[in-house]
Amino acid sequence: MEILNAYVLKEPSNQNILDIFKGEWSSRLPDEYGLVTEPGTARLFEDERVVWAEQVFGKFSNWTILELGPLEGGHSYMFQKRNAKKVIAIEANTRAFLKCLCIKEIFKLDRVEFKLGDFIIFLEHENSKKYDMVFASGVLYHMQEPIKLLKLISKVTERVYIWTHYYDQQIITNRKELKDKFGPLSLYEYEGVSYKCSTFFYKDALNWSGFCGGPRLTSKWLTRDSIIKALKQFGFSEIQINFDMPNHPNGPAFAICAQKKKKRNVFSLFQSVFKNIIKHQQNLI
């Protein structure tokens with residue numbers, strides 16, 4: 001008769017919605033709403049990293065944003081609050097996806113479209129669409145093929161935000177709580193170019209119903225230099241780094257805002273040169 005436990009015999013409320021996943025939340029909602037997500041501790045609905053990305057790239061107002069791995073919709077919520085025109089947020093974890101729908105309902109996120117599925121496959125088929133920004137927070141280090149993800153991102157945008165853990169052999173081997181979760185440093189080749197990485201093993205983390213990692217038993221953590229190398233390889237020549245935390249509890253981490261160098265329109269360049277010539281001639285008269 002356990003099915004009867006699925007009924008909520010209380011007055012309807014937003015808290016009832018959140019309690020469907022009680023004990024599985026990673027995010028904490030802003031205190032102003034008086035809503036509780038257990039054990040939720042991460043302030044992803046008030047994330048300074050999103051604020052920084054907007055400072056670097058410019059206002060998100062009227063932007064179309066592709067968000068990879070929204071987890072529980074915290075960043076999606078922030079994009080709508082910043083007047084994004086449209087947010088496409090793709091989540092592969094079914095429980096995380098349902099939590100996103102809970103957040104969408106509570107906060108009426110009418111400019112956010114949550115999609116359930118694999119964003120790698122989505123990007124492989126996204127040939128013509130261009131996004132003002134791809135936002136990839138907490139996903140790169142969960143990939144089996146992280147370089148492939150960076151290449152696919154480069155096909156659909158001029159701007160990418162990434163927050164990720166990275167592998168630093170010296171730091172990780174000196175931390176007993178982390179070192180046994182990693183394989184040796186190795187070379188990872190993609191399209192003839194070599195990058196450095198280590199295999200990460202999820203181990204006991206897979207036993208939590210609120211697990212928010214990748215869909216396999218392992219993933220690849222790239223080194224910091226390899227991440228930057230790949231971004232430049234795929235055209236993101238303007239790179240800014242912030243929130244650099246080599247001593248992060250879960251392993252070294254940093255945030256990146258990367259942009260492709262803007263190409264000047266040939267006609268505009270000609271106009272500029274012509275105006276300068278005319279101005280110079282007028283000064284000579």
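Calculation criteria
Residues numbered from 1 in each chain as written. Predicted model: local features only at pLDDT ≥ 70, side-chain atom pairs only at ≥ 80, totals over all residues. Heavy atoms only, no water. Pairing = 2+ DSSP bridges. Helix = DSSP H or I, 4+ residues; strand = E, 2+ residues; numbered from the N terminus. Axes fitted to C-alpha atoms, helices over the stretch in contact; angles between N-to-C directions. Contact = heavy atoms within 4.5 Å. Core = buried A, V, L, I, M, F, W, Y, C linked by side-chain atoms within 4.5 Å. Buried < 20%, exposed > 50% of the residue type's maximum accessible area, 1.4 Å probe, protein only. Right-handed = clockwise from strand over helix to strand, strands pointing away. Phe/Tyr/Trp six-rings, centres within 6.5 Å; stacked < 30°, edge-to-face > 60°. Lys NZ or Arg CZ within 6 Å of the ring centre and 35° of its normal. Disulfide = S-S within 2.5 Å.

Enquirer: For the sheet that holds strand β7 (residues 193-201), give the residues involved together with the corresponding values.
Expert: Read from one edge to the other, the open sheet built from three strands follows the order β6-β7-β8, with strand pairing classed as antiparallel. In this open sheet, the two strands that pair with only one neighbour each are β6 (186-190) and β8 (218-222). Neighbour to neighbour, the strand axes of the sheet diverge by 50 degrees on average, direction disregarded. Strand direction decides the pairing type here: β6 and β7, joined by five bridges, are antiparallel. Looking at β7, one finds that Y190 is bridged to V193. Relative to the sheet, helix α6 (residues 146-154) contacts β6, β7 and β8, its axis offset from that of β6 by approximately 35 degrees.

Enquirer: Lay out the nonpolar core in plain terms, naming residues and giving numbers.
Expert: Counting 45 residues, the largest nonpolar core has I65, F79, M133 and Y161 as its most contacted members. Mapped onto this core, the elements with two or more residues apiece are α2 (48-57), α3 (74-81), β2 (86-91), α4 (94-107), β3 (112-116), β4 (133-137), β5 (159-165) and β10 (253-259). At six residues, α4 tops the list of elements feeding residues into this core. F119, I228, A230 and L231 belong to the second-largest nonpolar core, a separate cluster that totals 37 residues.

Enquirer: Could you give an account of the sheet that holds β3, with specific residues and numbers?
Expert: Read across the sheet, seven strands follow the order β3-β2-β1-β4-β5-β10-β9 without closing on themselves; strand pairing throughout is mixed. At either end of the open sheet lies a strand with only one pairing partner, and these are β3 and β9 (238-245). Averaged over all pairs of adjacent strands, the angle between their axes in this sheet comes to 15 degrees, without regard to strand direction. Strand direction decides the pairing type here: β4 and β5, joined by four bridges, are parallel. Within β5, the residue paired with S137 across the bridge is W163.

Enquirer: Explain α2 to me, using residue names and the numbers behind them.
Expert: Where burial is concerned, most of α2 is hidden: seven out of the 10 residues are buried. Of all the positions in α2, only R49, V50, W52, A53, E54, V56 and F57 are classed as buried. The elements touched by buried residues of α2 are α3, β4, β5, β9 and β10. One or two positions beyond α2, positive phi appears at G58, with a value near 110 degrees.

Enquirer: Hey, could you go over the pairing of β4 for me, with residue numbers and the actual values?
Expert: Extensive coverage of β4 is indicated by the burial of five of its five residues. Taking every second residue as pointing to the same face, both faces of β4 are buried, with M133, F135 and S137 on one and V134 and A136 on the other. A crossover connection joins β4 to the parallel β5 through α6; in handedness this β-α-β unit is right-handed.

Enquirer: For the pairing of β2, give the residues involved together with the corresponding values.
Expert: In terms of burial, β2 is a largely internal element, five of the six residues being buried. In this structure, strand β1 (residues 64-68) lies alongside β2, joined through five bridges in parallel fashion. Looking at the pairing, L68 lines up with I90 of β2. Chirality of the crossover, the property in question, places the unit of β1, α3 and β2 among those that are right-handed. Of the strand pairs in this sheet, β2 and β3 are connected by five bridges, and their pairing is parallel. Among the inter-strand pairings, V87 is bridged to a residue of β3, identified as V112. Following the backbone out of β2, through α4 and into the adjacent parallel β3, one traces a crossover that is right-handed.

Enquirer: Lay out the packing of aromatic side chains in plain terms, naming residues and giving numbers.
Expert: Here the structure, examined in full by the defined rule, presents 20 aromatic pairs. Plain terms: the ring middles of F21 and W25 are 6.4 Å apart, the flat faces sit at 85 degrees to each other, and that makes the pair edge-to-face. For the pair F21 and W25, a shared accessibility class is recorded, and that class is buried. The interplanar angle of 75 degrees and the centroid separation of 4.8 Å between the aromatic rings of F182 and W221 together place this pair among those described as edge-to-face. Of this pair, F182 sits in the loop between α8 (176-179) and β6 while W221 sits in strand β8, and the two are 39 residues apart along the sequence. By the burial criterion, F182 is buried, and W221 matches it. Above the ring of W25, the side-chain terminus of K99 is found at 5.5 Å from the ring centroid. Sitting above the plane of the Y188 ring, K220 keeps its charged end 5.2 Å from the centroid.

Enquirer: Account for the state of the cysteines, naming residues and giving values.
Expert: Here a disulfide denotes one covalent bond, and it connects the sulfur atoms of two cysteines. Considering all chains together, one arrives at zero disulfides under this definition. No disulfide involves C102; its sulfur sits 9.1 Å from the nearest other cysteine sulfur, which is in C100.

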